[in-house]
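Listed below are the residues making up each chain.
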Protein chains: 2
Amino acid sequence: MTSRPTSRGTRVRGTRQAEALGAVLADLPAFSSAQEIHAELRRRGESVGLTTVYRQLQVLSQDGGVDTIRDESGETLYRRCRTSGHHHHVTCRSCGRSVEVEGREIERWADNVAAEAGFVDVDHTEELFGRCADCT
Amino acid sequence: MTSRPTSRGTRVRGTRQAEALGAVLADLPAFSSAQEIHAELRRRGESVGLTTVYRQLQVLSQDGGVDTIRDESGETLYRRCRTSGHHHHVTCRSCGRSVEVEGREIERWADNVAAEAGFVDVDHTEELFGRCADCT
DNA sequence: GTAATTGCAAAGGATTTGCTCTGGT
DNA sequence: ACCAGAGCAAATCCTTTGCAATTAC
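Residues numbered from 1 in each chain as written. Chains lettered and ligands numbered in written order. Predicted model: local features only at pLDDT ≥ 70, side-chain atom pairs only at ≥ 80, totals over all residues. Heavy atoms only, no water.

K.L.:
I'm lost on unusual backbone geometry in this one. Help?
P.N.:
Peptide bonds are mostly trans, and most non-glycine residues show a negative phi. All names here are of chain A. With phi around 55 degrees, Asp121 is a residue other than glycine that occupies positive phi space. If you trace the backbone, Asp121 turns up in strand β6 (residues 119–132). Residue Asp121 is classed as partly exposed on the basis of its relative accessible area of 46%. (Helix = DSSP H or I, 4+ residues; strand = E, 2+ residues; numbered from the N terminus. Buried < 20%, exposed > 50% of the residue type's maximum accessible area, 1.4 Å probe, protein only.)

What follows is the structure, given as structure tokens:
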């Protein structure tokens with residue numbers, strides 16, 4: 001098991017490493033890989049094991065603290081979540097800038113299309129990639 | 001480089017392995033991993049190397065012959081493409097049944113939202129997952 | 001004091017690459 | 001003979017696990 005938030009308790013958090021990671025995540029504006037985050041941590045002088053970065057990131061993403069997407073190479077990228085609830089992202093292929101967007105329309109569309117095809121209990125993934133109008 | 005389709009020629013294809021792979025793809029109704037496809041090949045008595053399966057699948061997906069999606073574990077799944085042009089899929093989490101669906105609305109939505117956020121040259125990925133109404 | 005967390009080293013697992021062999025024309 | 005394609009073994013690379021040492025409360 002990973003780390004059940006123990007219903008009530010303050011369980012998770014409290015370690016130097018978790019703090020440092022949180023700080024980095026708060027600063028990184030673009031989706032970054034665990035390895036990049038780990039590198040940034042070292043750069044800041046904070047020594048945190050790669051394993052810990054992965055584990056922490058895993059927990060945070062489950063708790064909704066960070067969003068994740070997969071780049072075309074299959075690597076998982078993380079970024080602190082700014083809005084709550086279901087949303088998607090538009091990410092710049094060039095600079096990595098990423099904006100969270102809502103998609104009520106999409107959700108509706110997804111449910112309809114899926115229903116017509118005979119599916120229930122529908123869920124979906126949707127990621128947008130583009131280039132900042134003034135990038136590169 | 002992988003294998004430029006040599007403009008005119010019958011280039012790719014022609015080998016026993018390619019034929020066998022094509023046959024399997026034509027039969028498999030659900031998205032399958034390279035490994036599953038490889039297993040199915042062996043099951044049919046056709047001996048084809050895993051490497052070949054991967055390479056062939058890579059070419060086919062570039063040529064639009066097969067669609068690919070990634071399951072939550074990051075594994076790439078393949079399936080012969082039935083319709084031409086841009087489309088998405090609704091896949092059953094339980095049995096794997098997958099239906100291709102068009103989404104003009106989505107494309108439009110994607111372009112608009114991205115444009116509003118200041119992005120150009122937009123592209124997107126969208127996959128739907130659900131459960132057949134009468135599955136499991 | 002005790003349970004949670006770290007983190008190194010090793011394991012895993014999908015996919016790719018190096019390089020030689022083979023089959024088709 | 002010539003070349004694209006096949007394939008085995010080894011290499012990659014991200015991510016997870018085993019397990020002992022450390023830390024938080």
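K.L.:
For this particular structure, what's the right way to read the interface of chain B and chain A?
P.N.:
Note: interface size is frequently given as the accessible area lost on complex formation between the parts. In this assembly, 36 residues from chain B lie in contact with 36 residues from chain A. On inspection of chain B and its partner chain A, the count reaches 4 salt bridges. On the surface where chain B and chain A come into contact, there are 16 residue pairs in polar contact (both at pLDDT 80 or more). For the side of chain B that touches chain A, the secondary structure elements donating two or more residues are β4 (88–92), β5 (98–101), α4 (104–116) and β6 (119–132) of chain B. (Contact = heavy atoms within 4.5 Å. Salt bridge = Lys/Arg side-chain N within 4 Å of Asp/Glu carboxyl O. Polar contact = N/O pair within 3.5 Å; in protein donor to acceptor, adjacent residues only side chain to side chain.)

K.L.:
Looking at this model, I keep getting lost on the protein's contact with DNA strand C. Mind explaining?
P.N.:
The immediate surroundings of DNA strand C are formed by 17 residues, with A:Gln17, A:Gly49, A:Thr52, A:Arg55 and B:Tyr54 found nearest. Restricting the count to atoms of DNA strand C within 4 Å of the protein gives a sugar and phosphate share of 64%. Within the side chain of A:Gln17, an N or O atom sits 2.8 Å from a sugar or linking oxygen of DNA strand C. The side chain of A:Arg55 places a nitrogen or oxygen atom 2.2 Å from a base nitrogen of DNA strand C. Only α3 (50–62) of chain A together with α3 (50–62) of chain B provide two or more residues apiece to the surface near DNA strand C. (Near = heavy atom within 4 Å.)

These results come straight from atomic positions and should not be treated as a statement about function.
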